[in-house]
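Structural characterization, general
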Amino acid sequence: MTERESDPRPVIRCSGTADFLAALPYLTGFTATDSLFVICFIGARSGPAVRIDLPRSDDPGDALAILDLMSELAHDLSAMHEHPVAVAVVIVSNASFDMTGPPPWQRLARRIERRLRRDGVEIRELCLLAADGWLSFLDPRPPLAGRPLSEIAESPVIRGPLRQIEAPVELQRLGEIPTADPARAAALARALEHHPPSDFPGSERVPPLRSESGSTSDSYFAWISEAAESTRDLCADGPLSSDAAARLVRNSAHSDRWLIIALGLLTRPEFPLELAAELPIGRFTGVPVELEIDLPPLTDEPAAGLRTEYRANTSAGRERTRVAASDWSVFRILDGACPEFTEHGRLRGVLARLRETMSETPEPLRPGMLALSAWLWWLQGNQSVARRQAHEALAIDAGHELAAMVHRLTTKPLYRRLTATRSTSLGGARQTQSRRAAPR
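Described in the following lines is the structure provided in the data block. (Residues numbered from 1 in each chain as written. Predicted model: local features only at pLDDT ≥ 70, side-chain atom pairs only at ≥ 80, totals over all residues. Heavy atoms only, no water.)

1. Concerning the overall build of the chain
We count it as follows: Only DSSP runs of H or I covering at least 4 residues are called helices, and only runs of E covering at least 2 are called strands; the numbering of each starts at the N terminus. To sort residues, take the accessible area from a 1.4 Å probe on protein chains only and compare it with the maximum for the residue type: under 20% means buried, over 50% means exposed, and anything in between is partly exposed. Pairs of residues are marked as contacts when any of their non-hydrogen atoms sit within 4.5 Å.
A count of helical and extended segments in the chain gives 16 helices and 12 strands. Counting only residues that meet the buried cut, the chain has 53% of its 440 residues in that class. The contacts of the chain with a sequence gap of at least 6 include a subset with a gap of at least 24, amounting to 75%.

2. Brief notes about unusual backbone geometry
Residues other than glycine seldom take positive phi values, yet D34 does so here, at roughly 50°. By secondary structure assignment, the location of D34 is in the loop between β2 (30-31) and β3 (35-42). Taking relative accessible area as the criterion, D34 reaches 38% and is therefore assigned partly exposed. One non-glycine residue, W105, lies in positive phi territory at about 60°. Positionally, W105 belongs in the loop between β5 (85-92) and α4 (106-118). When its relative accessible area of 16% is taken as the criterion, W105 is described as buried.

3. Focus on α4
Spacing of three or four residues puts side chains on the same side of an α-helix, whose turn is 3.6 residues. Rules: The span one expects for a helix is its residue count, reduced by one, times 1.5 Å.
Taking 1.5 Å of rise per residue, 13 residues should cover 18 Å, and α4 covers 18 Å from first to last C-alpha, within 8% of that figure. Among all positions in α4, only L108, A109, R111, I112, E113, R115 and L116 are buried. Of the surrounding elements, those touching the buried residues of α4 are β3, α3 (60-81), β5 and β6 (123-129). Remark: G120 follows α4 within two positions and exhibits a positive phi of approximately 75°.

4. Things to note about the pairing of β3
Heads up, the rule is: Strand pairing follows a simple DSSP-based rule, namely that at least 2 bridges must link the two strands.
Most of β3 sits out of view: seven of its eight residues are buried. Pairing between β3 and strand β4 (residues 45-53): seven bridges, direction antiparallel. Of the residues in β4, the one forming a bridge with I39 is A49. In textbook terms, the turn of a hairpin is the stretch between consecutive antiparallel strands, and for β3 and β4 this stretch comprises two residues, one of which, G43, has a positive phi near 70°. Sheet topology note: the β3/β5 ladder contains eight bridges and is antiparallel. Among the inter-strand pairings, I42 is bridged to a residue of β5, identified as V85.

5. Digging into the side chain of N382
Put simply, the rule reads: Whenever a nitrogen or oxygen atom comes within 3.5 Å of another N or O atom, the pair is scored as a polar contact, on the condition that within protein one atom can donate a hydrogen and the other can accept it, and that pairs from neighbouring residues in sequence are kept only if both atoms are in side chains.
Looking at the secondary structure, you find N382 in the loop between α14 (367-379) and α15 (383-396). Under the relative-accessibility criterion, N382 is labelled buried at 4%. At a separation of 3.4 Å, a polar atom in the side chain of N382 contacts the main-chain amide nitrogen of S384.

6. Points about the pattern of salt bridges
Stated formally: The rule for a salt bridge is simple: a side-chain nitrogen of Lys or Arg has to be within 4 Å of a carboxyl oxygen of Asp or Glu.
By the definition in use, this model includes 20 salt bridges. Residue E113 is joined to R117 by a salt bridge in which the shortest nitrogen-to-oxygen separation is 3.4 Å. Remark: R117 and E113 occur in helix α4; sequence separation between them is four residues, near one turn of the helix. On the basis of relative accessible area, E113 is assigned to the buried category, the value being 17%. In this structure R117 comes out as partly exposed when scored by relative accessible area, which is 45%. A salt bridge links R184 to E356, with the nearest nitrogen and oxygen atoms 3.4 Å apart. With R184 in helix α7 (residues 182-192) and E356 in helix α13 (residues 347-360), this pair connects stretches of sequence that are 172 residues apart. Classification of R184 by relative accessible area gives partly exposed; the value is 26%. Overlapping salt bridges, with partners in common, bring together E229, R232, R268, E270 and E274 in one network.

7. A few points about the environment of G286
Here G286 lies in the loop between α11 (271-278) and β9 (308-311). Distance in space between the C-alpha atoms of G286 and S255 is 8.2 Å, their sequence separation being 31 residues.

8. Quick word on the packing of helix α10 (residues 255-266) against α14
Applied cut-off: To get an axis, fit a line to the C-alpha atoms, keeping to the stretch in contact for a helix; angles then go from 0 to 180 degrees between the N-to-C directions. These descriptions rest on fixed angle ranges, namely under 35 degrees for roughly parallel, over 145 for roughly antiparallel, 65 to 115 for roughly perpendicular, and the rest for oblique. Crossing handedness is defined as follows: a turn of the near helix away from the far one that is anticlockwise and smaller than a right angle gives a left-handed crossing, while the clockwise case is right-handed. Here the nonpolar group is Ala, Val, Leu, Ile, Met, Phe, Trp, Tyr, Cys and Pro; Asp, Glu, Lys and Arg are the charged ones; every other residue, Gly included, is treated as polar.
Contact geometry of α10 with α14 gives a least axis separation of 11 Å together with a crossing angle of 25°. Relative to α14, the element α10 is oriented roughly parallel. In terms of crossing hand, the pair formed by α10 and α14 is right-handed. Residues W258, I261, A262, L265 and L266 of α10 form the contact with α14, whose own contacting residues are G368, A371, L372, W375, L376 and L379. Here the residues of the contact of α10 with α14 sort into 10 nonpolar, one polar and no charged.

Written out as structure tokens, the structure is:
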């Protein structure tokens, strides 16, 4: 079969800007306001969808990092594919049209147009979705009051290929912890009684109450295997059993075991055990969450004030986790390995199972899982949800080392070098992701 024949997801064909705006939430996976969306096109087919916070104002200085990011993204993709990449830019704002003045964010739109044309980037679309209408800035005679939103709601795209697809949720609702099923929550509470916290040397804030039984090597590989079991549970189909959920709660509360789960999700559940067998015994015991050298100057804002999300799921099977054998920390391992991760498609099920388990877990025991979930949201490209969940973990336990580390790790947007992927897209596009590209 050809790729088109084997891919059941719909092909979205747009005949104009209204159709494109109707399809946008399905391309990005969510809706958001006060945002700037950039959809890249490789030929006639769509590529990655990137969301960026709108700047504070129309002032040139506030927009500089955004202009740099868009230009760099387009050129990175062009170099990767050896083919010019075009972009469609959508400004989404709560502002309204004013018949006596220019459309909202027109100055920003013109700066984007000038910068991209100067840099040789083709602009496929440049439009505004406001609170009371929309328009294309490429239209030579746009109406002063904008075009009616009903043109988007009544688009043939909505009535056609997207009619049976669940509507995307607002960005603010992504990653929300649902209300727990009482029976499952009670079953988890009982299971937790049979899974006490880990208590071997190196345990995070849990003193060693007794010595591990058996030889050092036996106990070492035993706990790594137990942590890897949580990775297998997260990667399996369907909800976790109460026993698996209890094991995950305890393992994610321990920094060493948390690291084993993270490495298993980056690669394969068995990989950390294989790596441990090649390294000196005990190399994964007592790994510091962060070293002093890892800590940047104190700041609570992303670089250049930008927070981004992108949509680019891949199915590549590369396994290129690169870690140093000395002076490592959880932060340093993830900071080095995450840019190489490409298999974003399989994270959806992992996040769903993790989200359901968190809903059933007593709040004081959630920070480790919230840190894991925040890291996974960042890994698949959604920085806003990652930062929100890291804050939630720190609100429960302000001194939680893993949550603080993830909060710091997710400060910068993560752009990865990705291979081609299948996804719901305009023209049946494969989506791709650029090399890591931070605002200058």
